[in-house]
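Here is how the chains run, residue by residue.
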Amino acid sequence: MSTHSFQLPFFTIGDLDGLSGDDTTRTAHIDISADCLPVAATLRSARQWLVEQHPAVDMECAADLPLRGFFSFQGPQGHEGLNVDSAQLVAIDEGFVVRASLDNGVCVETDVLSLDGLA
């Protein structure tokens, strides 16, 4: 089974002391197995169909998948990194994002992830 790996910035959902500020570098390392790509393609198609049916509504389509990720926070207060073994893959207008709840209670979302040519 092949895996596609991505490294991209992420942000916290909500303001959290020491983790949300501009002085903190946040980097996500995401691994998506080939088994998840058909689901990604279905999410993209479903979102396109929904947007055609309801063009005035901004929609997302999401699925909880066994995506592996490492979310790293590096800032003035030090370095922290947390692993996840599952996350949401979300189809949006620009592509996909990954959303996860970390063990420290922080919810995160990656920048846009392109799966063009993969899904």
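Coordinates for the structure precede this section.
Heads up: these notes are all about the structure in this document. (Residues numbered from 1 in each chain as written. Predicted model: local features only at pLDDT ≥ 70, side-chain atom pairs only at ≥ 80, totals over all residues. Heavy atoms only, no water.)

## Considering the overall build of the protein chain
At step 1: Tallying secondary structure elements over the protein chain gives 1 helix and 8 strands in all.
At step 2: The order of α-helices and β-strands along the protein chain, N terminus first, is β-β-α-β-β-β-β-β-β.
At step 3: Relative to the globule expectation of 14 Å for 119 residues, the C-alpha radius of gyration of the protein chain, 15 Å, shows essentially globular dimensions.
At step 4: Viewed in the frame of its principal axes, the protein chain has a C-alpha envelope of about 45 × 40 × 20 Å.
At step 5: Expressed as a percentage of its 119 residues, the buried residues of the protein chain come to 38%.
At step 6: Expressed as a percentage of contacts within the protein chain between residues at least 6 apart in sequence, the contacts between residues at least 24 apart total 57%.
At step 7: When the accessible surface of the protein chain is totalled, it reaches about 6700 Å², and 47% of it is carbon and sulfur.
At step 8: Taking the average location of the 5 positive side-chain charges in the protein chain and that of its 18 negative ones, the two points are 4 Å from each other. (Helix = DSSP H or I, 4+ residues; strand = E, 2+ residues; numbered from the N terminus. Rg over C-alpha atoms; globule rule 2.2 N^0.38 Å. Buried < 20%, exposed > 50% of the residue type's maximum accessible area, 1.4 Å probe, protein only. Contact = heavy atoms within 4.5 Å. Areas by Shrake-Rupley, 256 points an atom, 1.4 Å probe, with all protein chains shown as cover. Lys, Arg positive; Asp, Glu negative; His and termini not counted. Charge placed at Lys NZ, Arg CZ, Asp CG, Glu CD.)

## As for the sheet that holds strand β4 (residues 68-75)
Within a sheet, each strand pairs with its neighbour through backbone hydrogen bonds, oriented either parallel or antiparallel.
At step 1: Read from one edge of the open sheet, 8 strands run β3-β6-β7-β8-β1-β2-β4-β5, paired in antiparallel fashion. Edge positions in the sheet fall to β3 (61-65) and β5 (78-84), since each of these pairs with one other strand and no more. Each adjacent strand pair in this sheet contributes to an overall mean axis angle of 25 degrees, direction not counted.
At step 2: Relative to β4, strand β2 (residues 25-33) runs antiparallel, the two sharing 7 bridges. Its bridge partner lying in β4, H29 is registered against F70.
At step 3: Lying on the sheet, helix α1 (residues 37-53) is in contact with β1 (3-12), β2, β3, β6 (87-92) and β7 (95-101); it crosses β3 at an angle near 160 degrees. (Pairing = 2+ DSSP bridges. Axes fitted to C-alpha atoms, helices over the stretch in contact; angles between N-to-C directions.)

## Notes on the side chain of R47
At step 1: Position of R47 among the secondary structure elements: in helix α1.
At step 2: Accessibility expressed as a relative area gives 9% for R47, which makes it buried.
At step 3: Beyond its immediate stretch of four places on either side in the chain, R47 contacts D58, M59, E60, C61, A91, I92 and D93.

## Section: the pattern of salt bridges
At step 1: By the definition in use, this model includes 4 salt bridges.
At step 2: Among the salt bridges present, the one from R47 reaches D58, with a minimum N-O distance of 4.0 Å. One end of the pair, R47, is in helix α1; the other, D58, is in the loop between α1 and β3, with 11 residues separating them in the sequence.
At step 3: Note on D58: relative accessible area 73%, which makes it exposed. (Salt bridge = Lys/Arg side-chain N within 4 Å of Asp/Glu carboxyl O.)

## Some details on the packing of aromatic side chains
At step 1: Counted according to the given criterion, the structure contains 2 aromatic pairs.
At step 2: Between F10 and F71, the aromatic rings sit 5.0 Å apart at their centres with planes inclined by 90 degrees, giving edge-to-face as the arrangement. Of this pair, F10 sits in strand β1 while F71 sits in strand β4, placing them 61 residues apart in sequence.
At step 3: Taking 5.2 Å as the distance between ring centres and 85 degrees as the angle between the ring planes, the aromatic pair formed by F10 and F73 counts as edge-to-face. Separated by 63 residues along the polypeptide, F10 in strand β1 and F73 in strand β4 bring together distant segments of the chain.
At step 4: For F10, a relative accessible area of 3% translates into the label buried.
At step 5: These aromatic residues form a ring-pair network of at least three members: F10, F71 and F73. (Phe/Tyr/Trp six-rings, centres within 6.5 Å; stacked < 30°, edge-to-face > 60°.)

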